[in-house]
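Residue-level structural notes
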Amino acid sequence: MSVDLEATVARPISLAEVVTAARATLAELLGMTTTPELIIVTDRRYEQGRRVDSGRRLGAAELRATTIGDRIDRTPDGMPGAIHLEVDVAGFEDSVWLLVIDHEPETDGGPEAVFSPYRTCVSVVVALAMALAVADLTGGQFTDDQIRLLRPGHSDPRQVVTATRLPPEPGDFAERCERYLRQFAHLRGWPRDVSMRP
């Protein structure tokens, strides 16, 4: 079962904008000035849970040219259209799966970005920052129905950032991600693993 953080994508934005905004949100949440590079990967393949193809990193030009939030054509069998990507965290083995899905015409809303992190502090905080950044950038809604950092849930991304950000303090990136999640006592130390360092 995945643990998802979601954002409605109220207007199209480039992946370059997503990465820039996510890194800024990550820095704000963690009280840091710099954060690791976020690498967008396409065409990664798995078989029975094992990676069999590492995929291809999108370069700067592709990130600027590729947008999410546009309508996505349905599949030939009538299923909602979707885009599958992965987000790697430079210097770590942590990743976040990104699924952009368009439920239209079943719902009145636009496409939705679903961020599913590995079960580590680093991956969860990166997924959170990305979902908050996409919702904030596009004027969309943030949804945290599964982890529930704040109770009751908050859909305004700026409120979530303001209510949960850490003050600037010493610590490396992984330590700050762990510190961020440990402030939520109701998570009871979840996720247990801080990161998946190479």
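A brief look at the structure comes next. Keep in mind the model is a prediction, meaning the values are calculated, not measured.

**Brief notes about the packing of helix H3 (residues 121–138) against helix H5 (residues 173–182)**
- The interhelical angle for the contact between H3 and H5, taken along N-to-C directions, is 75°, at an axis separation of 8 Å. Taken together, the axis directions place H3 and H5 in an arrangement best described as roughly perpendicular. Of the residues in H5, those touching H3 at Cys121, Val122, Val124, Val125, Val126 and Leu128 are Phe173, Ala174, Cys177, Glu178, Tyr180, Leu181 and Arg182.
- Broken down by class, the residue content of the contact of H3 with H5 amounts to 11 nonpolar, no polar and 2 charged.

**A few points about the environment of Arg151**
- Among the secondary structure elements, Arg151 is positioned in the loop between strand E11 (142–143) and helix H4 (157–164).
- A residue is classified by how much of its surface remains accessible, and Arg151, at 59% relative accessible area, is exposed.
- For the pair Arg151 and His186, spaced 35 residues apart in the sequence, the C-alpha separation amounts to 9.9 Å.

**A short note on the environment of Glu62**
- Relative to the helices and strands, Glu62 is located in helix H2 (residues 60–65).
- On a C-alpha basis, the gap between Glu62 and Cys121 in space is 29 Å, while along the polypeptide they are 59 residues apart.
- In contact with Glu62, other than residues within four places in its own chain, are Arg56 and Arg57.

Here is what the cut-offs are and how they apply
- Along each chain, residue indices are assigned from 1 in the same order as the chain's sequence is written.
- Residue-level local features of this predicted model are given only where pLDDT is at least 70; pairs of side-chain atoms are given and counted only at 80 or more, and the full residue set underlies all totals for whole chains, interfaces and linings.
- The side-chain figures draw on all heavy atoms in the structure; neither hydrogens nor water molecules are used.
- The axes are straight lines fitted to the C-alpha atoms, using for helices just the contacting stretch, and the angles between their N-to-C directions are given from 0 to 180°.
- Secondary structure is summarised from DSSP: a helix means a run of H or I of at least four residues, a strand means a run of E of at least two, and numbering begins at the N terminus for each.
- Note that the term roughly parallel is reserved for angles under 35 degrees, roughly antiparallel for angles over 145, roughly perpendicular for angles of 65 to 115, and oblique for everything else.
- Contact between two residues is taken to exist if any of their heavy atoms lie within 4.5 Å; hydrogens are not considered.
- Only Asp, Glu, Lys and Arg are considered charged, only Ala, Val, Leu, Ile, Met, Phe, Trp, Tyr, Cys and Pro nonpolar, and every remaining residue, Gly among them, polar.
- Only protein chains enter the accessibility calculation, which uses a 1.4 Å probe; a residue whose area is less than 20% of its type maximum is buried, one above 50% is exposed, and one in between is partly exposed.

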